[in-house]
Amino acid sequence: MATFLYRLGRGAFRRRGLVALVWVALLVAAGFGAATASAPTSGSFSIPGTEAQKAFDLLDAKFPGMSADGATARIVVKAPAGAKVTDPGPKAEVEKLISGLKSGDGAAQIATVDDPYQTKAVSQDGSTTYVSVKYKVSGMELKDDTREALKDSGHAAQKAGLQVEIGGDALMEAPETGSGEAIGILIAGIVLVITFGSLVAAGLPLLTALIGVGIGVSSITALANVLDLGSTTSTLAMMIGLAVGIDYALFIVSRYRAELAEGRERDEAAGRAAGTAGSAVVFAGLTVVIALVGLAVVNIPMLTKMGVAAAGTVVIAVLVALTLVPAILGFAGKKVLPAGQKSKLFGKGRPAGAEEKPNGGTRWARFVLRRPVVVLLAGVIGLGAIAIPASKLEMGLPDDGSKPVSTSQRKAYDMLSEGFGPGFNGPLMVVVDGDKALADSTADRIKGLDGVAAVMPPLQNEAKDAAIVSVIPKDRPSSTETEDLVHKIREGNGKDVFVSGQTAMNIDFSQKMNDALLPYLALVVGLAFLLLMLVFRSILVPLKAALGFLLSVVAALGAVVAVFQWGWLGSLFGVEQTGPIMSMMPIFMVGVVFGLAMDYEVFLVTRMREAYVHGERPGQAVVTGFQYSARVVVAAAVIMIAVFSGFLGASDSMVKMIGFGLAVAVLFDAFVVRMAIVPAVLALLGHKAWWLPKWLDRILPNVDVEGESLRKHLGESGSGSEAGSPEDPDKQRELVNA
């Protein structure tokens, strides 16, 4: 692989004009496709195999005019103190509101508007009522005039002294990331300038990452409606694509400059950078792709599509790093080097043989090697303490009750709870596949269960072979009492009765996530373990990498619970309303964070492996790895944290939570696990860290990530490596495995 990548990088450098033209053409083509495609929708949401999904499928079949995908709105109206909504004045305002919806802008997209006085949707004290509106399309497909008409529908009633608030998914809009994303990129640029000491070198990773992300996100936008991709898919792809795109280019540019510093010609340096650092980029990218594509194990189409789309952006980032980065290095010339480095290379810098001061990575590695037990215990205990809140994790899907108290949706939610009871915001929908007798008996049985506030009369379809029974729980939708009620209703149902609705869907979704977590962990960690075993020719190094990842991801979940569920430091991170953690968050973090964590493992430890294979003792190999890689890994981690933190400014709670969780996970994994726990463990293991049974060594293919085949191809000996050891690498490997 190293030899192939060497030829690829050198060829891209020499044919830089053609390579750059191809990538620009791809960007233009993807941009044209995105510009001409219709706007993406929210994407269909389904949970195959669950009872809630069976109910929705039955609803679509038996009630063709009542699509489960259509947006809904509840316009909640509250009379002034001392008055009732049934009084002539308030009632007339509500009727005008209904008439305006039916005849005003956007009426063509409305399926039904319920009259609350006919459906008896008035609170017991007469203070509150609500108008239910059902649309023909999803919230993301509503036209602007339809949404504006809904927002303006209560203005006249408000002027008459009534309080009017609107809830429901009809107000759903595409998530906005605000200025945070731009700030994250700005911080990444500053870090790159500090790292490289050159504006050109700093701008190169940003430019190539933006080109890669532009192609990936534009392609997703162009195919969104064809493949039924949700509106958040492109946001996730942008988040991950930016982070890995900058990081991968950073490692290639850093190795290119190191090769130049050793006196290589520019095209040779580009080829060697692609053959060595490029090998690490390929394997790091593979771990991210495995983790994202592995989300298909959960068997939730929306999550699978999000993972595959994001994985596609990662693949583009890898290809950009291996081809476009060497090409742009060809255009940049000597400008990728800082002024001092240029003078060194061309005879005006530090005198030959002058001793250089150990860099920060070297000093830190030596410190850890002197106190490995202390560093190991401090890292494990610290992350363990942060992980404690994860034991109190409560999962659910966001609803209007999780929105900030300043929003109309949250005010409508609270008004309904006060007027009709806490369970009114989470009604259960029982779908009966049978005649009126079965529907009536089902309703009677549910009335006798504890936790039921009300049971509506069965609503039959036109064919009289199916019915819907609406059940109002006594408790709020996210309470354990409501969850228990759902289980009680299901326990007494036959094969023709199904419980659904948003609350039941949340319960099924959370259960699906929990059931899939262990199989997903086994698949992703297992495949990545095999991949890392190929890279490092070791059993203990991949095992240590996997255990370190588990520690960092549980600690990150603990931080997410503390901030988003408990509200600790919530105002600092823009969290206005606490609540349950999204059901998909744990498994999503496991997938994404594992892939990103292995990036640092590969980049850092391959340099140690490279030094060890060429004769350095275990402790010195750790120091060498940090000497050449620590600064770049730290810069890459800071960049990734900055990019993810930029999404804290998003309007969508899911994007905000994902951005925070990924930023914290990278912080813990890069700075605590990879930079502290990893060298401490390797120091304690010594030669055993690189042990591999002889029989397994013979079976496993040699992917040669340390570039030995490339050195042989170029006619060099092992002494040409940074380790500077004359010992033959094959003999060294035999010694390790003996």
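Further up the page is the structure itself.
A quick note: this is a predicted structure, and the numbers were derived from the prediction, not measured.

Student: Looking at this structure, how should I read empty space enclosed by the protein?
Tutor: A probe as big as a water molecule, rolled over the atoms, marks out the empty space that is left. Scanning all chains against the criterion turns up seven cavities of 30 Å³ or more. Its boundaries defined by the atoms lining it, the second largest cavity holds a volume of some 70 Å³. If you go around the second largest cavity, the residues you meet are Thr-208, Ala-209, Gly-212, Val-213, Gly-241, Gly-245, Ala-249, Thr-313, Ala-317, Val-320, Ala-321 and Val-325. Residue assignment for the lining of the second largest cavity shows that the elements contributing at least two residues are helix H8 (199-227), helix H9 (233-261) and helix H11 (301-332). Split by residue class, the lining of the second largest cavity holds seven nonpolar, five polar and no charged.

Student: Explain the nonpolar core to me, please; I cannot follow it from the model alone.
Tutor: It is characteristic of soluble globular proteins that their nonpolar side chains tend to be buried jointly. Counting residues in hydrophobic clusters, the biggest one holds 179 residues, and the most contacted among them are Tyr-248, Tyr-256, Phe-549, Met-589 and Phe-644. Once you skip the residues sitting within four places of it in the chain, Tyr-256 turns out to touch Phe-13, Arg-266, Ala-269, Ala-270, Ala-273, Leu-329 and Val-336. The next biggest cluster of nonpolar side chains, apart from the first, holds 24 residues, and it includes Val-94, Val-113, Val-133 and Ala-170.

Student: What exactly am I supposed to notice about the packing of aromatic side chains here?
Tutor: How two aromatic rings sit relative to each other is given by the distance of their centres and the angle of their planes. This model, assessed by the stated rule, comprises eight aromatic pairs. Between Phe-564 and Phe-660, the ring centres sit 5.4 Å apart and the planes meet at 65 degrees, which makes this aromatic pair edge-to-face. Residue Phe-564 is located in helix H19 (residues 540-565), and its partner Phe-660 is located in helix H22 (residues 653-685); the two are separated by 96 residues in the primary sequence. A single burial state applies to Phe-564 and to Phe-660, both of which are buried. Ring geometry for Phe-573 versus Phe-660: centroids 4.8 Å apart, planes at 70 degrees, classification edge-to-face. Separated by 87 residues along the polypeptide, Phe-573 in the loop between H19 and strand E11 (581-582) and Phe-660 in helix H22 bring together distant segments of the chain. Residue classification places Phe-573 among the partly exposed residues on the basis of a relative accessible area of 23%. Accessibility expressed as a relative area gives 5% for Phe-660, which makes it buried. An aromatic cluster is defined as three or more aromatic residues linked by ring pairs; in this entry it consists of Tyr-130, Phe-420 and Phe-424. For the cation-ring pair, Lys-91 lies above Tyr-117, with the distance from its terminal atom to the ring centre recorded as 5.1 Å. The side chain of Arg-607 reaches across the aromatic face of Tyr-628, ending 4.3 Å from its centre.

Student: What's the story with the sheet that holds strand E1 (residues 72-78) in this structure? I'm lost.
Tutor: Hydrogen bonds between backbone atoms are what pair the strands of a sheet, whose relative direction is either parallel or antiparallel. Pairing is antiparallel in the open sheet, where four strands are placed in the order E2-E3-E1-E4. Both outer strands of the open sheet, strand E2 (110-113) and strand E4 (163-167), are each paired with one neighbouring strand and no more. Across the sheet, the mean angle from the axis of one strand to that of its neighbour is 20 degrees, orientation sign disregarded. Here E1 pairs with strand E3 (residues 128-135) via seven bridges, running antiparallel. Residue pairing across strands places Arg-74 opposite Ser-132, the latter belonging to E3. Packed onto the sheet, helix H15 (residues 408-420) meets E1, E3 and E4 and runs at close to 110 degrees relative to E4.

Here is what the cut-offs are and how they apply
- Residues numbered from 1 in each chain as written.
- Predicted model: local features only at pLDDT ≥ 70, side-chain atom pairs only at ≥ 80, totals over all residues.
- Heavy atoms only, no water.
- 1 Å grid on protein atoms, 1.4 Å probe; cavity = no way out; pocket = protein on both sides within 12 Å on 5 of 7 lines; lining within 4 Å.
- Points joined across faces, edges and corners; volume = space filled by probe spheres on them.
- Helix = DSSP H or I, 4+ residues; strand = E, 2+ residues; numbered from the N terminus.
- Nonpolar A, V, L, I, M, F, W, Y, C, P; charged D, E, K, R; others polar.
- Core = buried A, V, L, I, M, F, W, Y, C linked by side-chain atoms within 4.5 Å.
- Buried < 20%, exposed > 50% of the residue type's maximum accessible area, 1.4 Å probe, protein only.
- Contact = heavy atoms within 4.5 Å.
- Phe/Tyr/Trp six-rings, centres within 6.5 Å; stacked < 30°, edge-to-face > 60°.
- Lys NZ or Arg CZ within 6 Å of the ring centre and 35° of its normal.
- Pairing = 2+ DSSP bridges.
- Axes fitted to C-alpha atoms, helices over the stretch in contact; angles between N-to-C directions.

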